[in-house]
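Read off the chains here:
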Amino acid sequence: MPNLASALLHVASNAGAAGVDGRTVDEVVGRSRSLLPHLRDQLRSGRYRPGDIRRVWIPKPGGGQRGLGIPNVVDRWVQQAVFQVLEPIFEPTFHDSSHGFRPNRGAHTAIAEAKKHIEAGYEIVVDLDLSDFFDRVHHQSAAGGMSRLAQRVCDGRVLKLVHRMLKAKVVMPDGRRVSAQAGSPQGGPLSPLLSNIVLDELDWALERRGLRFVRYADDVNIYVRSQRAGHRVMGSTRRLIEGRLRLKVNDAKSTVSTPDRLHFLGFRLTRQSDGSVEVGLSARTEQRIKAHIRAMTPRTWGHSLGLCTERLNRYLRGWMAYFRLCHASEERLLKACDAHIRRSANGGRAILVRQKRRSRHLYRHLRRRGVPSRAASKSAFNRRGTWYRSATPGMHRAYPNAWFATRLVSLWATWQALNPPERASGQQLMLFD
């Protein structure tokens, strides 16, 4: 009972969309007192049956679509409870070079370890990308999820429950119900743990071969000293992945290269002449942040000024919290993004013009903001469109750039706050020392 209760709290904190049954998180939480004993009895007796999984497609940053499976909220509740039982069993046995979906680990620790390998002279990277990993995991193969679970879990009810979750039918956007013969439903709480259980075999195989590597989910980087060694390791590791694990290596996204040319978790690593490694933003990350800021700051923002700035600030803070590891050499890019945000302030002024609706209301508002009568009249009673009036001297006087600067996050100022001088030299990455 305590495990189910804490699992529900976790699911509720994550919120998320409803599944096929249409029941929201709030509805399930509201009925939890009656659901909890019923759910417990079903799980204990082995009568619990997971519902169908709702398939949604989300665009990939590099093009194409990624399929997500959204279980019903009650099924997410059960998955979280199973996760809380299984994680303490498997987590201590996972390899130290596995960083994805693990407590006290993540992208930052992965970059820190990669940095150490490069500093040690392993300056060629075998970058392996697994094609449609979550859709290809074979349930019953020697290294598949169920067989590896059975090696450590002796309770048959748990194994049956996980098997039923893996076999749950998927409801496609057009209403078709599809049977799952392979794959793990990416989108549920249990999916990340199952992925690590499956790929743990790969981790320890690389360890036995004496290779230095960093793995984050299905993204694997192996560090070697030469191109020749890199191509040899690429071939042998491909045979292991496609033979033993029955997965598929994505040829288009897998390569042997130097770390400064690769996109690893959004970063690129460059070896400096003094032997140190500088952490920068990859070219793909630069393109994405610029495109995202442009999309979030159109000429005509679609909502209230407060909502627009709140959304933009939330995105910028989250982005910088992740990419705070980048070196001070990224100052140019961060300042360029800040400049675009400042220029987009005219879109904010346009919102204010539209909100006042009538010219006389805008005029009175500008006067209250201290704009002289003549300038306020030229802004308010001008027959030109909203965008033209938003750029008039009266609007700029009422809402100067400095007014927006106090309300919009600055990427460069945030980076400086997160990286004071004593840390900006790169010491923030020494996570394993």
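Right above here is the structure, for reference.
Residues numbered from 1 in each chain as written. Predicted model: local features only at pLDDT ≥ 70, side-chain atom pairs only at ≥ 80, totals over all residues. Heavy atoms only, no water.

Asker: Just checking my understanding: could you explain the overall build of the protein for this structure?
Answerer: Scanning the protein from N- to C-terminus turns up 20 helices and ten strands. Expressed along its principal axes, the backbone C-alpha trace of the protein runs to roughly 80 × 65 × 40 Å. Expressed as a percentage of the 433 residues in the protein, the buried residues total 48%. For the protein, restricting intrachain contacts to residue pairs at least 6 apart in sequence, the fraction spanning at least 24 positions comes to 70%. Each charge class in the protein can be summarised by its mean position, and for the 73 positive and 36 negative side chains these summaries are 12 Å apart. (Helix = DSSP H or I, 4+ residues; strand = E, 2+ residues; numbered from the N terminus. Buried < 20%, exposed > 50% of the residue type's maximum accessible area, 1.4 Å probe, protein only. Contact = heavy atoms within 4.5 Å. Lys, Arg positive; Asp, Glu negative; His and termini not counted. Charge placed at Lys NZ, Arg CZ, Asp CG, Glu CD.)

Asker: Would you explain the nonpolar core in this entry?
Answerer: One broad trend across soluble globular proteins is that nonpolar side chains are buried collectively. By size, the foremost hydrophobic cluster in this structure holds 51 residues, and its most contacted members are Tyr223, Trp319 and Leu411. If you tally residues by element for this core, the top one is helix H12 (residues 305-323), at seven residues. Residues in contact with Trp319, not counting those within four places in the same chain, are Leu281, Thr285, Ile289, Leu334 and Leu411. (Core = buried A, V, L, I, M, F, W, Y, C linked by side-chain atoms within 4.5 Å.)

Asker: I would appreciate a short explanation of a positive patch on the surface in the present structure.
Answerer: Taken together, the side chains of Arg66, Lys253, Arg284 and Arg288 define a basic patch exposed on the protein surface. Looking at the secondary structure, you find Arg66 in strand E2 (residues 65-70). (Patch = residues over 30% accessible without salt bridge, like charges linked within 9 Å, V, L, I, M, F, W, Y side chains within 5 Å. Areas by Shrake-Rupley, 256 points an atom, 1.4 Å probe, with all protein chains shown as cover. Salt bridge = Lys/Arg side-chain N within 4 Å of Asp/Glu carboxyl O.)

Asker: Any chance you could explain unusual backbone geometry here in plain terms?
Answerer: If a residue is not glycine, its phi is most likely negative; likewise, a peptide bond is most likely trans. A positive phi angle is found at Phe101, which is not glycine, with a value near 60°. Note on placement: Phe101 falls in the loop between helix H4 (73-90) and helix H5 (107-119). Judged by its relative accessible area of 40%, Phe101 is partly exposed. Positive phi values are uncommon outside glycine, yet Arg246 reaches one of about 60°. Inspection of the secondary structure puts Arg246 in the loop between helix H10 (227-244) and strand E8 (255-257).

Asker: Please explain the environment of Pro59 as it appears in this structure.
Answerer: With respect to the helices, strands and loops of the structure, Pro59 is situated in strand E1 (residues 53-59). Note on Pro59: relative accessible area 65%, which makes it exposed. Distance from Pro59 to Glu242, taken between C-alpha atoms, is 27 Å for residues 183 residues apart in sequence.

Asker: Please explain the packing of aromatic side chains as it appears in this structure.
Answerer: Each pair of aromatic rings is reported with the distance of its centres and the angle of its planes. Per the counting criterion, the structure on display carries nine aromatic pairs. By the ring-pair criterion, three or more aromatic residues cluster together here, those being Phe267, Trp319, Tyr322 and Phe323. In this arrangement the basic side chain of Arg225 is found over the ring face of Tyr122, its NZ or CZ atom lying 4.2 Å from the centre. Residue placement shows Arg384 over the ring face of Tyr388; its charged tip is 4.1 Å from the ring centre. (Phe/Tyr/Trp six-rings, centres within 6.5 Å; stacked < 30°, edge-to-face > 60°. Lys NZ or Arg CZ within 6 Å of the ring centre and 35° of its normal.)

Asker: Would you mind showing me how to read the pairing of strand E10 (residues 277-281) here?
Answerer: Sheet faces and side chains relate simply in a regular strand, where the side chains alternate between the two faces. Burial runs high along E10: five of the five residues are buried. Here E10 shows two buried faces, one formed by Val277, Val279 and Leu281 and the other by Glu278 and Gly280. Bridging between strand E9 (residues 267-271) and E10 involves five bridges; their strand directions are antiparallel. Within E10, the position partnered with Phe267 by the bridge is Leu281. Counted along the chain from E9 to the antiparallel partner E10, the turn is five residues long, and its residue Gly275 has a positive phi close to 95°. (Pairing = 2+ DSSP bridges.)

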